[in-house]
Every structure is written in structure tokens, then in C-alpha cells.
Amino acid sequence: MSGFSAEWLKMREPYDLRARNPRVLDAVIAFLEPLSPTRIVDLACGTGSTLRALGPHLPARQNWKLIDNDLGLLARAKAMPLAKGAAVTPTPLDLNRDLEAALDGPVDLVAASALLDLVSDAWLDRLAVEIAARSIPLYAALSYDGRIEFTPHDPLDAKITAAVNAHQRTDKGFGPALGPAAAAFAIARFEALGYSVVHGPSDWTMRPDDRDMQTEILTGWASAAHDIGALPFADTTAWLARRRQSVAAGHSSLHVGHVDFFATPSALR
Ligand SMILES: C[S@@+](CC[C@H](N)C(=O)[O-])C[C@H]1O[C@@H](n2cnc3c(N)ncnc32)[C@H](O)[C@@H]1O
């Protein structure tokens, strides 16, 4: 599966849904509750997982502008069944080039999930400045934060984790990515702009039965470690073989750190 394939987004969605931080989600819901219709822009929406996570908790009248540069994912987002009162406008845009166009028009909330760790400090700074200029709140969910816990322990886990985190910082189309530093950088930036920020962990937990998800992730990490070239190829493949064996035997668990936050401008508090 490729980085943003529909199959991968479908596989990760239940883990994302379970992981979303309830305190942060409640703050978003409380903020939007009095607004009808609610106008939300979802940046890098994929197939629409944020709408599926947040939509059922909001007042019925919801207008979602769904932004992505992948037409196949946008088509899937457009085809999803919607609750009565909800409307979606799929909008193809390259957010690196056309971020400002994505934010145009009346907007009550900007949402993004699994996006911030892909972007550079310069792009995130631009996002914060553009959002603050419009006094809009931001709900940013599921930014990977660099923490990985493997069970059982393997002597190469730390080296693989370091390689994965180095790979996370490579360019994903927005300049050198912030990767694990993204959420902390964004929170500090919004606070400096006078925003109040509620944040908390939204970690993935994969139990021994979650074999397919674990296998997919471990294979992706081995590939990232190989791309970075931090370990000899033979070490990476041996690590992956040992890990896959543990998964197949039902002995493997994974914990992957993420952060959610909700940033509100002081004028709206
Ligand atoms: C990790 S996926 C997250 C998708 C969705 N938010 C979710 O949580 O399932 C990252 C998304 O960013 C989109 N993306 C990457 N680069 C982009 C760009 N330059 N402009 C717009 N979307 C982009 C991808 O197409 C993909 O849908």
C-alpha cells in the first residue's frame, strides 16, 4: 500500500477513530454546538475520515469543504453516505501552493488529521498566520509525535525508530517535514499568536489480534529505514522477519504516539 492509498486510509481509520483524544474532541464539539449551519474546511481530507469522526456529534446542518490534491480520494469522499442536513463540497487543491484559496469564504472551523507531520515549519507557520488572520479555530488530529513502543523488545527497535523518525523529516511535498516535532511546533506557534490550545495524546494501540495493521506498519517502517540507509539492509530485513514472526504468533503489540489539539483564537473564547 502506498503512503496515502485509499486502502491504507481505510485500514488506519478505525485506529484513528479510537485514538482521537476525547477531551480535545469534546472541546471542538462544544465550540461548534451553537453554530448552524456549521461550515468546516477539512485540509487534506483523504476519503473523509474527519467528517465521519466529527459529523455525527455536530448539529445536523453541516457544510464541509473537503480539500485534497488526490482526485481518487476526493471522489471516494464525495461518494460517502451523508446524514440528512450535511453537504460536502469536494475541492481539489494543492495545499502547498493554494493554501490561502482553501481558507477563502466563511469558515467556522479548519480541521486536519494526519497532515501536520507531513509539512515543513515554513508551511505550518504560513497556516498559523493565515488562520489567525481570519480568526478561525483549528482542530488538528493525529499528528505522529515520534514515540513507538514495541512488545516484545527487539535489540534493533531503537535504531529502527530513529530511522523512521529521520524518514518522517524528509520532504513530503511541503519542504523538509517537521515529522515528530509538528504538533509541539504548531501548538507553540498558535499560542504565540494569542490562541488558547487544548491538547492531548491520541496514540494508536495495536493489540496482538491486530495482525494486518501491525504487519502493514512494520513493513512500512522497514521500508522507511531502508530508504534512509541508517542500518545495513540485512539488519533491517532480519528485524522485520523477527517482528513478523511475533505478529504471526500473536505475541506482538505496538503503541504509536500521536497528538491532537484544538486551537481557538482569544476573540472567540
Ligand atoms: C495521511 S493522509 C490523511 C488523510 C485524512 N486526513 C485522514 O485522516 O484519513 C494525508 C493526506 O494529505 C493529502 N495531501 C498530501 N499532499 C497534499 C497537498 N500538497 N495538497 C493537498 N493534499 C495533500 C493526501 O492526498 C492524503 O489524503
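Residues numbered from 1 in each chain as written. Predicted model: local features only at pLDDT ≥ 70, side-chain atom pairs only at ≥ 80, totals over all residues. Heavy atoms only, no water.

### Section: the overall build of the protein chain
Along the backbone of the protein chain there are 10 helices and eight strands. Against the 2.2 N^0.38 benchmark of 18 Å for 269 residues, the protein chain shows a C-alpha radius of gyration of 19 Å, consistent with a compact globule. Along the longest, intermediate and shortest principal axes, the C-alpha atoms of the protein chain span 55 × 35 × 35 Å. Sorting the 269 residues of the protein chain into buried and exposed places 51% on the buried side. Partitioning the contacts of the protein chain with sequence separation of at least 6, the portion at a separation of at least 24 is 81%. Roughly 11,900 Å² of accessible area belongs to the protein chain as shown, and the carbon and sulfur atoms make up 56% of that amount. (Helix = DSSP H or I, 4+ residues; strand = E, 2+ residues; numbered from the N terminus. Rg over C-alpha atoms; globule rule 2.2 N^0.38 Å. Buried < 20%, exposed > 50% of the residue type's maximum accessible area, 1.4 Å probe, protein only. Contact = heavy atoms within 4.5 Å. Areas by Shrake-Rupley, 256 points an atom, 1.4 Å probe, with all protein chains shown as cover.)

### Digging into the site of the ligand
A44, D68, D94, L95 and S113 are the nearest of the 19 residues found near the ligand. In this structure, N69 approaches the ligand through a side-chain N or O atom, which is 3.3 Å from a nitrogen atom. A distance of 2.9 Å separates a nitrogen atom of the ligand from a polar atom in the backbone of L95. In this structure the site holding the ligand corresponds to the largest pocket. (Near = heavy atom within 4 Å. Polar contact = N/O pair within 3.5 Å; in protein donor to acceptor, adjacent residues only side chain to side chain. 1 Å grid on protein atoms, 1.4 Å probe; cavity = no way out; pocket = protein on both sides within 12 Å on 5 of 7 lines; lining within 4 Å. Sits in = over half its atoms within 2 Å of the grid points.)

### Some points on the pairing of strand β3 (residues 86–92)
Each regular strand carries side chains that alternate between the two faces of the sheet. Pairing of strand β2 (residues 62–68) with β3 involves seven bridges; the strand directions are parallel. Residue pairing for β3: I67 is matched across the bridge by T91. Following the chain from β2 across helix α4 (residues 71–79) to the adjacent parallel β3, one finds a crossover that is right-handed. (Pairing = 2+ DSSP bridges. Right-handed = clockwise from strand over helix to strand, strands pointing away.)

### Let's talk about the layout of surface pockets
Within this model, the largest pocket holds a volume of roughly 1,200 Å³. Among the elements that make up the lining of the largest pocket, the one with the highest residue count is helix α9 (residues 211–228) (eight residues). Taken together, the residues that form the lining of the largest pocket break down as 21 nonpolar, 16 polar and 10 charged. (Points joined across faces, edges and corners; volume = space filled by probe spheres on them. Nonpolar A, V, L, I, M, F, W, Y, C, P; charged D, E, K, R; others polar.)

### Details of helix α6 (residues 121–133)
With 13 residues, α6 ought to run about 18 Å at 1.5 Å a step, and its terminal C-alpha atoms sit 18 Å apart, in line with that. Within α6, burial applies to W123, L124, L127, A128, E130 and I131. Positive backbone phi, at 55 degrees, marks S135, one or two positions downstream of α6. (Expected span 1.5 Å × (residues − 1).)

### Considerations on the environment of V129
Inspection of the secondary structure assignment puts V129 in helix α6. Under the relative-accessibility criterion, V129 is labelled partly exposed at 39%. Taking the C-alpha atoms as reference points, V129 and G200, separated by 71 residues in sequence, lie 23 Å from one another. Apart from residues lying up to four places away in sequence, V129 is in contact with R189 and L193.

### Details of the packing of aromatic side chains
Within this structure, the stated rule accounts for seven aromatic pairs. Where W8 meets W204, the ring centres are 6.3 Å apart and the plane angle is 80 degrees; that geometry is what we call edge-to-face. Taken as a pair, W8 in helix α1 (residues 6–19) and W204 in strand β7 (residues 204–206) lie far apart in primary sequence, 196 residues in all. Through a chain of ring-to-ring contacts, the aromatic side chains of F150, W221 and W239 assemble into a single cluster. A cation sits over an aromatic face here: R18 above Y15, 5.0 Å from the ring centre. (Phe/Tyr/Trp six-rings, centres within 6.5 Å; stacked < 30°, edge-to-face > 60°. Lys NZ or Arg CZ within 6 Å of the ring centre and 35° of its normal.)

### Some remarks on the environment of D171
Locating D171 in the fold gives a position in the loop between α7 (157–168) and α8 (182–192). Taking C-alpha positions, D171 is 34 Å from P81, a pair spaced 90 residues apart along the chain. In this structure, D171 is in contact with P176 and A177, ignoring residues within four places of it in sequence. One polar contact links the side chain of D171 to the main-chain amide nitrogen of G175, over a distance of 3.1 Å.

### A short note on unusual backbone geometry
The omega torsion across S36 and P37 is 0 degrees, close enough to zero to call that bond cis. Of note, P37 is situated in the loop between α2 (22–32) and β1 (38–43). Cis rather than trans, the peptide bond between T151 and P152 has omega equal to -5 degrees. Residue A114 is not a glycine yet carries a positive backbone phi of 55 degrees. Its place among the elements puts A114 in the loop between β4 (109–113) and α6.

### Points about the side chain of R20
Counting through the fold element by element, R20 comes out in the loop between α1 and α2. For the buried R20, which has no salt bridge, the nearest side chain bearing the opposite charge is D260, at an N-O separation of 5.7 Å. Within the structure, R20 has its side chain in polar contact with the side chain of Y139 (distance 3.1 Å). Here R20 is in contact with S49, T50, A53, S113, Y139, A141, L142, S202 and D260, once residues within four sequence places are set aside. (Lys, Arg positive; Asp, Glu negative; His and termini not counted. Salt bridge = Lys/Arg side-chain N within 4 Å of Asp/Glu carboxyl O.)

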